Amino acid sequence: MPGNQSGDTTVAWLAGLVAAAPALARPGGPRVVAVDGPSGAGKTTLARALAPALGTPGAPAPVVQLEDFYPGWDGLDAVVPRLVEWVLEPLAAGRPAGYRRWDWDAGAWAGWRAVPVPPGTAAVIVDGVGSGARACAPYLSLLVWADAPDDVRYARAMARDGEGYRPHWDRWAAQEEAHFVREGTRARASVVVG
């Protein structure tokens with residue numbers, strides 16, 4: 001699905017795109033939607049709004065949040081191989097998917113968390129920086145790029161994460177920029193929102 005949309009893109013419109021997209025990993029398997037973009041762009045808000053639209057009544061589509069995968073503030077590059085190994089490859093093969101969660105307070109890996117994918121699940125949403133990396137592309141049905149002006153993103157991030165994020169903003173932003181340039185994520189996105 002080449003091309004970009006921006007501005008008034010709606011959740012219903014995105015849900016329609018997902019429904020029309022192939023389940024690339026295996027016939028009959030769930031479609032995988034990546035919502036990527038820089039910090040504070042609205043990825044999580046979009047993923048949470050999209051989940052009920054892609055699920056069934058009372059059972060929203062599963063959302064995998066990559067903030068649980070980053071091993072600390074310098075861990076962006078480590079997330080992609082983990083996402084592929086722990087979630088995307090198992091989903092593609094019809095096996096259970098899950099991941100080890102990073103405990104930000106302890107600065108260490110915590111317990112294993114399963115990704116619940118009941119039979120008949122139409123889509124799984126992966127929310128976070130790195131979800132649209134080239135290594136993930138063979139498993140994705142749709143790549144959504146979320147963005148917003150820098151000042152808006154900064155204000156959202158501080159409101160969301162508080163003062164604990166402020167000293168890390170610049171170094172995380174530098175990792176994001178290097179990652180996005182290397183991966184060409186925005187240019188490869190099926191849809192651009194924001």
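Provided above is the structure to which this section pertains.
Note that this is a predicted model, so its numbers are computed, not measured.

### Points about helix α3 (residues 76-93)
Argument step 1. The end-to-end C-alpha distance of α3, which contains 18 residues, comes to 26 Å, matching closely the 26 Å that a straight helix rising 1.5 Å per residue would cover.
Argument step 2. A maximum bend of about 40° is found in α3 at Val 84.
Argument step 3. Those residues of α3 that fall on the buried side of the exposure criterion are Leu 76, Val 79, Val 80, Leu 83, Val 84, Trp 86, Val 87, Leu 88, Pro 90, Leu 91 and Ala 92.
Argument step 4. Taken together, the buried residues of α3 touch β1 (31-36), β2 (63-65), β3 (97-103), β4 (108-115), β5 (123-127) and α5 (169-183).
Argument step 5. Within two residues after α3, Gly 94 carries a phi angle of roughly 80°, on the positive side.

### A word on the pattern of salt bridges
Pairing is possible between side chains of opposite charge, provided their charged atoms come close.
Argument step 1. Following the criterion strictly, the structure yields six salt bridges and no others.
Argument step 2. For Asp 74, the salt bridge goes to Arg 171, with nearest N and O atoms at 3.0 Å. Pair noted here: Asp 74 is in the loop between β2 and α3 and Arg 171 is in helix α5, with a separation of 97 residues, a long-range link.
Argument step 3. Taking the relative accessible area as the measure of exposure, Asp 74 reaches 56% and is therefore exposed.
Argument step 4. With a closest N to O distance of 3.4 Å, Asp 147 and Arg 186 form a salt bridge. With Asp 147 in the loop between β6 (142-146) and α4 (150-161) and Arg 186 in helix α6 (residues 185-188), the pair connects residues that are 39 residues apart, well separated along the chain.
Argument step 5. For Asp 147, a relative accessible area of 21% corresponds to the partly exposed category.

### Let's talk about the sheet that holds β5
Working definition: the strands of a sheet are paired by backbone hydrogen bonds and lie parallel or antiparallel to each other.
Argument step 1. Sheet architecture is open: five strands sit in the order β2-β5-β1-β6-β7, paired in parallel fashion. Edge positions in the open sheet fall to β2 and β7 (191-193), since each of these has one partner strand only. In this sheet, adjacent strand axes meet at a mean angle of 20° when their direction is disregarded.
Argument step 2. Where β1 lies against β6, four bridges are found, and the strand directions are parallel. Paired with Asp 36 across the bridge in β6 is Trp 145.
Argument step 3. Along the sheet, helix α1 (residues 11-20) contacts β1, β5, β6 and β7; its crossing angle with β6, the most-contacted strand, is approximately 155°.
Argument step 4. Of the strands in this sheet, β1, β2 and β5 touch α3, which is tilted by about 165° from β5.

### Thoughts on the packing of α3 against α5
Argument step 1. At a minimum axis separation of 9 Å, α3 and α5 run at an interaxial angle of 50°. As judged from the angle between their axes, α3 and α5 are oblique. Where α3 approaches α5, its residues Leu 76, Asp 77 and Val 80 are matched on the opposing element by Trp 172, Gln 175, Glu 176, His 179 and Arg 182.
Argument step 2. Across the contact of α3 with α5, the residue classes tally to three nonpolar, two polar and three charged.

### Here's the deal with the side chain of Gln 65
Argument step 1. In this structure, Gln 65 sits in strand β2.
Argument step 2. Note on Gln 65: relative accessible area 17%, which makes it buried.
Argument step 3. A polar contact of 3.4 Å, which involves the side chain of Gln 65, links it to the side chain of Asp 127.
Argument step 4. In contact with Gln 65, not counting residues within four places along its chain, are Thr 44, Arg 48 and Asp 127.

What counts, and where the lines are drawn
Residues numbered from 1 in each chain as written. Predicted model: local features only at pLDDT ≥ 70, side-chain atom pairs only at ≥ 80, totals over all residues. Heavy atoms only, no water. Helix = DSSP H or I, 4+ residues; strand = E, 2+ residues; numbered from the N terminus. Expected span 1.5 Å × (residues − 1). Bend = angle between axes of the 7 residues up to and from the residue. Buried < 20%, exposed > 50% of the residue type's maximum accessible area, 1.4 Å probe, protein only. Contact = heavy atoms within 4.5 Å. Salt bridge = Lys/Arg side-chain N within 4 Å of Asp/Glu carboxyl O. Pairing = 2+ DSSP bridges. Axes fitted to C-alpha atoms, helices over the stretch in contact; angles between N-to-C directions. Parallel < 35°, antiparallel > 145°, perpendicular 65-115°, else oblique. Nonpolar A, V, L, I, M, F, W, Y, C, P; charged D, E, K, R; others polar. Polar contact = N/O pair within 3.5 Å; in protein donor to acceptor, adjacent residues only side chain to side chain.

The values are spatial; any link to function lies outside them.
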